[in-house]
Amino acid sequence: MITATYTIPGMRVRDHVERVPLDWSDPEATITVFARELVDPARDGEDLPCLLYLQGGPGGKGPRPVGTSGWLGRALETYRVILLDQRGTGRSSRIDGRVMSALGAREGADYLARFRADSIVADAEHLRRTVFGGRRWSTLGQSYGGFLTMTYLSNAPEGLSACYVAGGLPSLDPDAAEVYRRTYPRVAAKNAEFYRRYPHHAGTTARLADRLAEGDVLLPDGDPLTVRRLQSLGIDFGMKPGYERMHWLLDEARPDDGGGLPETFLHQVLARSSYADNPLFAALQESIYGHGAGATAWAAQRERARHPAFAEDARPLLFTGEMIYPWMFEEIRALRPFRGAVELLAERDDWPPLYDLDRLAANDVPVAAAVYFDDMYVDSGLQLETAARVGNTQAWVTNEYEHDGIGEERVFARLTGLVRDLGGGLTDG
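Throughout this document, residue positions are counted from 1 along each chain, in the order its sequence is written. Only residues with pLDDT of 70 or above have their local features reported here, since the model is predicted, and side-chain atom pairs are shown and tallied only from 80 upward, although totals for entire chains, interfaces and linings are computed over all residues. Computation of side-chain values: all heavy atoms of the structure, hydrogens and water removed.

Student: How do you make sense of the pattern of salt bridges when you look at a structure like this?
Tutor: Charged atoms that come close allow side chains of opposite charge to pair. One side-chain nitrogen of Lys or Arg within 4 Å of one carboxyl oxygen of Asp or Glu is enough to make a salt bridge. Scanning the entire structure with this criterion turns up 45 salt bridges. We note a salt bridge from Glu-402 to Lys-190, for which the minimum N-O separation is 2.9 Å. Residue Glu-402 is found in the loop between β11 (393-398) and α17 (409-421), and its partner Lys-190 is found in helix α6 (residues 176-197); the two are separated by 212 residues along the sequence. The structure contains a network of salt bridges with shared partners spanning Glu-178, Arg-181, Arg-182, Arg-186, Asp-379 and Glu-385. A helix here means a DSSP run of H or I that spans at least four residues, while a strand means a run of E at least two residues long, and both kinds are numbered starting from the N terminus.

Student: Just checking my understanding: could you explain the side chain of Thr-398 for this structure?
Tutor: Note that Thr-398 resides in strand β11. Other than its neighbours up to four places away in sequence, Thr-398 contacts Val-371, Tyr-372 and Phe-373. Every residue pair with non-hydrogen atoms within 4.5 Å of one another is taken to be in contact.

Student: Looking at this structure, I do not really get the packing of α6 against helix α16 (residues 380-389). What am I missing?
Tutor: Angle between the axes and distance between the axes are the two parameters that describe a pair of packed helices. To define axes, lines are fitted to C-alpha atoms, for helices over the stretch in contact only, and angles between the resulting N-to-C directions are given on a 0 to 180 degree scale. Running from amino to carboxyl end, α6 crosses α16 at an angle of 135°, the nearest separation of the two axes being 10 Å. Compared by their axis directions, α6 and α16 come out oblique. Here Val-179, Arg-182 and Arg-186 of α6 come into contact with α16, specifically with Ser-380, Gly-381, Leu-382 and Glu-385. For classification, angles of less than 35 degrees are called roughly parallel, those exceeding 145 degrees roughly antiparallel, those between 65 and 115 degrees roughly perpendicular, and all remaining angles oblique.

Student: Hey, could you run me through the nonpolar core in this one?
Tutor: For soluble globular proteins, the rule of thumb is that nonpolar side chains tend to be buried together. If you look at the biggest cluster of nonpolar residues, it comprises 106 residues, and the most contacted ones within it are Leu-112, Trp-137, Tyr-180, Phe-265, Met-328, Phe-329 and Phe-338. Considering each element in turn, this core owes the most residues, eight residues, to α6. Listed in part, the 28 residues of the second largest apolar core include Ala-75, Tyr-79, Tyr-164 and Ala-166. Put simply, buried Ala, Val, Leu, Ile, Met, Phe, Trp, Tyr and Cys residues joined by side-chain atoms within 4.5 Å make one nonpolar core. Per-residue accessibility, obtained with a 1.4 Å probe over protein chains only, is compared with the maximum for each type, and a residue is labelled buried under 20%, exposed over 50%, and partly exposed between these values.

Student: When you look at empty space enclosed by the protein in this model, what are you seeing that I'm missing?
Tutor: Vacant regions in the atomic arrangement are exposed by a probe of water-molecule size rolled over the atoms. For each structure, a 1 Å grid was placed over the protein atoms alone; sets of points admitting a 1.4 Å probe that cannot get out are labelled cavities, open sets with protein on both sides within 12 Å along at least five of seven lines are labelled pockets, and lining residues have an atom within 4 Å of a point. Grid points are joined across faces, edges and corners, and a volume is the space filled by probe spheres set on the points. This structure, assessed with the given rule, holds six cavities of 30 Å³ or more. Forming the walls of the largest cavity are 14 residues, and the residues nearest its centre are Phe-147, Ser-171, Val-179, Tyr-289 and Leu-382. Here the lining of the largest cavity is composed, by residue class, of eleven nonpolar, one polar and two charged. Roughly 90 Å³ of volume is contained in the second largest cavity. In terms of lining residues, the second largest cavity is bounded by 13 residues, among which Ala-283, Glu-286, Ser-287, Trp-298 and Val-342 are the most central. Following the grouping adopted for this structure description, the nonpolar residues are Ala, Val, Leu, Ile, Met, Phe, Trp, Tyr, Cys and Pro, the charged ones are Asp, Glu, Lys and Arg, and the polar ones are all others, Gly among them.

Next up, the structure:
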């Protein structure tokens, strides 16, 4: 159902809302899924192919565009672009603390398990068939969007004409422990580069950590600001301007004569670490690796124990990356209602498989993937192993970009060029 039609400069927009099953094997209970359709106003009447953008995450809502810069402007030259709010995010039956507070731990865990890649792909297929004409469409997967792409190719390749992936080819043998074994050393290297650029901040962070260890610093929402919460801000090191954002944050982290920290610093820390806008990112972070037998069992926490350089009293203080820890569901207000459910998810050892290895090996849908060699979040080695195991896949390896390289128009242009040069995407004919 179209709920609104309007124009943003350079884009004609239609908002679509559909009801879909919460559990695709049992259609009785339903949720809402929202998608936003964008088209060049001058081409609105044309029969253009569709490009589905698969947002990073997990727990990422679709972009809210304000202009046609970057990949979006390039895509609008030839496509209708579909921005999906993945289930549980944005306007798609969003899950937050209020929702989780109404559920018990077991019910909450079962509910969250319905918001993984297989369900998101089923939602997308429903939209393709019932709202967007049923023809094959292309996908552009950023980060976790690449994980969704592999599930899409496993479950419904007949819906796809071509797939573009930016920094997000997952291992086809999902193992959260292996992911963190590979990423902790890379995060340590990012820390080293940060302190190389801004050596004076080794002293800044040491003094700040010592002050936070006293235990009486509160964020504006009343949560304690602990050393480990400060460390978690290192998740930004995987983005192109992350070092600079951290530099300017620490530049204002100067206690006054009474030992208090500036409000501007505390407000910025809260905004960067509250998860208020995307709690599912934290709640489902390790569950995206649940696949077959074996529990994820707080893999990031277990691996951290093997790296004493990341201890709260180590100096220089090292920041962590895309790691989610049990303490977050105790210390962070927006995540507390998820605590019982995520503890059960961490124990679960009977996940349905996410990938069909035989189908992926025989894949004939063209896939072009940008593999960022220095990616802090998705290991480039694992990405290249996957590219070698998925049929009709081309990998472009580059160290020019960080994980947010999709923001550069050239990345999308390069990916579409790789597919075009080898004959283009599939058609229904």
